[in-house]
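Structural overview
Listed below are the residues making up each chain.
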Amino acid sequence: MDQQGDTGSQSTQGTAAPQSESELAEAILGYLSEYPQAMDTLEGISEWWVMRAHVRVELGTLVRVLRELTECGYLEETGPEENPRYQLKSRPPADD
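Quantities reported herein were computed from a predicted structural model and do not represent experimental measurements.

Side note on the pairing of strand β2 (residues 85–88)
Where strand β1 (residues 75–78) lies against β2, four bridges are found, and the strand directions are antiparallel. In the sheet register, glutamate 77 faces β2, and the bridge partner there is tyrosine 86. Linking β1 to β2, which pair antiparallel, is a turn of six residues; within it glycine 79 sits at a positive phi near 90 degrees.

Observations concerning the environment of leucine 32
Along the chain, leucine 32 falls in helix α1 (residues 21–34). Distance from leucine 32 to tryptophan 49, taken between C-alpha atoms, is 8.4 Å for residues 17 residues apart in sequence. Apart from the residues lying within four places of it in its own chain, the contact partners of leucine 32 are Ala38 and Trp49.

Looking at the packing of aromatic side chains
Using the criterion set out here, one finds two aromatic pairs in the structure. Centre to centre, the rings of tyrosine 31 and tyrosine 35 are 4.9 Å apart; their planes meet at 35 degrees, and the pair counts as tilted. Given a relative accessible area of 39%, tyrosine 35 falls into the partly exposed group. Relative to tryptophan 49, the ring of tyrosine 31 has its centre 4.9 Å away and its plane inclined at 15 degrees; by these criteria the two rings are stacked. With a gap of 18 residues between them, tyrosine 31 in helix α1 and tryptophan 49 in helix α2 (residues 42–71) connect regions that are remote in the sequence. One exposure class covers both tyrosine 31 and tryptophan 49, and it is buried.

Concerning the pattern of salt bridges
One pass over the structure, following the stated rule, counts one salt bridge. For arginine 52, the salt bridge identified is with glutamate 34, shortest N-O distance 2.9 Å. You can see arginine 52 sitting in helix α2 and its partner glutamate 34 sitting in helix α1, a full 18 residues away along the chain. Classification of arginine 52 by relative accessible area gives partly exposed; the value is 22%. Accessibility expressed as a relative area gives 38% for glutamate 34, which makes it partly exposed.

Concerning α1
Taking 1.5 Å of rise per residue, the 14 residues of α1 would be expected to cover 20 Å, and the 20 Å separating its terminal C-alpha atoms lies within 8% of that figure. Looking at the buried positions of α1, the neighbouring elements they touch are α2.

As for the packing of α1 against α2
Direction vectors running N to C along α1 and α2 enclose 95 degrees, while the axes themselves pass 9 Å from each other. Classified by the angle their axes make, α1 and α2 are roughly perpendicular. Listed contacts from α2 to Leu24, Ala27, Ile28, Tyr31, Leu32 and Glu34 of α1 are Ile45, Trp48, Trp49, Val50, Arg52, Ala53 and Arg56. Split into classes, the residues belonging to the contact of α1 with α2 amount to 10 nonpolar, no polar and three charged.

Parameters at a glance
- Residues numbered from 1 in each chain as written.
- Predicted model: local features only at pLDDT ≥ 70, side-chain atom pairs only at ≥ 80, totals over all residues.
- Heavy atoms only, no water.
- Pairing = 2+ DSSP bridges.
- Helix = DSSP H or I, 4+ residues; strand = E, 2+ residues; numbered from the N terminus.
- Contact = heavy atoms within 4.5 Å.
- Phe/Tyr/Trp six-rings, centres within 6.5 Å; stacked < 30°, edge-to-face > 60°.
- Buried < 20%, exposed > 50% of the residue type's maximum accessible area, 1.4 Å probe, protein only.
- Salt bridge = Lys/Arg side-chain N within 4 Å of Asp/Glu carboxyl O.
- Expected span 1.5 Å × (residues − 1).
- Axes fitted to C-alpha atoms, helices over the stretch in contact; angles between N-to-C directions.
- Parallel < 35°, antiparallel > 145°, perpendicular 65-115°, else oblique.
- Nonpolar A, V, L, I, M, F, W, Y, C, P; charged D, E, K, R; others polar.

Quick look at the structure:
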């Protein structure tokens, strides 16, 4: 992919979106595979297509962290398995 002008330096403020050209290409093509009729401006693509892919990745990380904190005894899961709620466990594990 080539970069024309300085548009590659524009980004959504305060976010850590995918930045390598291959990550951006993957985010764009992933969005278009779900929404083949989609069309947007540079700003719209940055905000909606690319950031959407980033949020999905971050949710995956969050799931792993919540699972680890639950397994270590810091959090407890309540509610239905398909949509659990997390809260601080009443007695966190003692530090050894």
